[in-house]
Amino acid sequence: MIQCVAIIGLGLLGGSVGLALQESLPQVATTGYDADPSVREQAAERGLVGTVCASAAEAVKHADLVILCVPVGAMEAAAREMAHALPQHAIVSDVGSSKATVGEALGRALPDHLVIPAHPVAGTERSGPDAGFASLFRNRWCILTPAPDAPEQAVADVSALWESLGATVEIMDPVHHDRVLAVTSHLPHLIAYTIVGTASDLEEVTRGEVIKYSAGGFRDFTRIAASDPTMWRDVFLANREAVLEMLGRFTEDLTALQRAIRNSDGDTLFDLFTRTRAIRRSIVEQGQDDERADFGRSDHAIDNRD
Ligand code: NAP
């Protein structure tokens, strides 16, 4: 039974897990730690967890479950920092956006502990302790990537906890997770960063007109491209192989479109745009987004689902 959860990293994800746990499972004690003292201060002010601790060791010493909510590239260091104080029975999990290399890093840092990696497919382009909110995981997927020999009961306990926060849990192989997320999340972010970067370079040529007359499509890209630089740098470095594979496919498809435009091949363009419109329709039908203006995004509902 999970009675005490320690959260390491109190930004958007850590703060949201803390708030959601306190709302949905008030009987579970929550502790938290962040490397940044100002984040710890803000976390205490907002009550992101029951007790904000001054060290990782203090936060985890009574934990049944530790959830690492730090950037992917900081997972191993964060795990090592708390290792000596971690109770033997404690399960270690995380929320990192890539899973294969994170699972390996946690296994290296905590060879004597049970690690059940997780990725709640829920997020926004905001970060830090002010960005978290309790409903972030409601009606979202949470993908767990346990080792095949992980004890069933522990996997069930971690699954049940995420379900209590409103998520639907899916179990997946970590390498498969990374290929799926490379195409549904990581590549779109890379494209958004590229388009906004290119437009910003062009801005000098067109004296600000790209920004001034930016259309809805471009504005949507700027929202995604405002996502946290540390987090996304780490995701691309950690999920290098899968992202490069998907980027290769994407580049080939882009070249085919370039050829179609050059050859005035309207049929190719029309066929593709018809197919992609149907995909959008399926996403709405499956409840993954809705048709409301601005895709129904309100202040808090701004949603990258990554
Ligand atoms: P965030 O808002 O920047 O929060 C991360 C926090 O962790 C920061 O306050 C950071 O402090 C702290 N930290 C870094 N290293 C640490 C360490 N060794 N020990 C303790 N604290 C440490 O980032 P986030 O958006 O919550 O992302 C956290 C994780 O969630 C990432 O692995 C990301 O891939 C995953 N995720 C994010 C989203 C999303 O949409 N944002 C969605 C799903 C999953 P400093 O700023 O001082 O380094």
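One can find the structure itself at the top, above this paragraph.
Because the structure is predicted, anything quoted here is derived from the model rather than measured.

Scoring rules and cut-offs
- Residues numbered from 1 in each chain as written.
- Predicted model: local features only at pLDDT ≥ 70, side-chain atom pairs only at ≥ 80, totals over all residues.
- Heavy atoms only, no water.
- Helix = DSSP H or I, 4+ residues; strand = E, 2+ residues; numbered from the N terminus.
- Rg over C-alpha atoms; globule rule 2.2 N^0.38 Å.
- Buried < 20%, exposed > 50% of the residue type's maximum accessible area, 1.4 Å probe, protein only.
- Pairing = 2+ DSSP bridges.
- Axes fitted to C-alpha atoms, helices over the stretch in contact; angles between N-to-C directions.
- Contact = heavy atoms within 4.5 Å.
- Salt bridge = Lys/Arg side-chain N within 4 Å of Asp/Glu carboxyl O.

A. Just the overall build of the protein chain, in detail. Looking only at helices and strands, the protein chain has 12 helices and 9 strands in total. Its C-alpha atoms give the protein chain a radius of gyration of 21 Å, near enough to 19 Å, the size a compact globule of 306 residues would have. Its C-alpha atoms give the protein chain principal-axis dimensions of about 65 × 40 × 35 Å. Of all 306 residues assigned to the protein chain, the portion counted as buried reaches 47%.

B. Region of interest: the sheet that holds strand β7 (residues 118–120). One open sheet holds the 3 strands; their spatial order is β7-β8-β9, and the pairing between them is mixed. Looking at which strands have only one partner, the edges of the open sheet turn out to be β7 and β9 (168–171). Each adjacent strand pair in this sheet contributes to an overall mean axis angle of 20 degrees, direction not counted. As paired strands, β7 and strand β8 (residues 141–144) are joined by 3 bridges and run antiparallel to one another. Of the residues in β8, the one forming a bridge with P120 is C142.

C. How the structure looks around the sheet that holds strand β6 (residues 114–115). With parallel pairing, 6 strands are arranged side by side in an open sheet as β3-β2-β1-β4-β5-β6. The open sheet has two free edges, formed respectively by β3 (51–52) and β6, since each of these has just one partner strand. Pairing geometry for strand β1 (residues 4–8) and strand β4 (residues 65–68), over 4 bridges, is parallel. The residue bridging I8 from the neighbouring strand is L68, located in β4. Strands β1, β2 (29–33), β4 and β5 (91–94) of the sheet are contacted by helix α4 (residues 75–83), whose axis makes an angle of about 150 degrees with β4.

D. Structural view of unusual backbone geometry. The phi dihedral of N139 is positive, around 60 degrees, even though this residue is not glycine. Within the element layout of this structure, N139 appears in the loop between β7 and β8. At S264, a residue that is not glycine, the phi angle is positive and equals roughly 50 degrees. Relative to the helices and strands, S264 resides in the loop between α11 (240–262) and α12 (266–285).

E. View of the pattern of salt bridges. In this structure the tally under the stated criterion is 8 salt bridges. Measuring nitrogen to oxygen at the nearest pair gives 2.7 Å for the salt bridge that ties E76 to R80. Residue E76 and its partner R80 are both found in helix α4; the two are separated by 4 residues, about one turn of the helix. A salt bridge links R108 to E76; its shortest N-O distance comes to 2.8 Å. Highlighted residues: R108 in helix α5 (residues 100–109) and E76 in helix α4, separated in sequence by 32 residues. For R108, a relative accessible area of 48% puts it in the partly exposed group. When salt bridges with common partners are traced through the structure, they connect E76, R80 and R108 into a single cluster.

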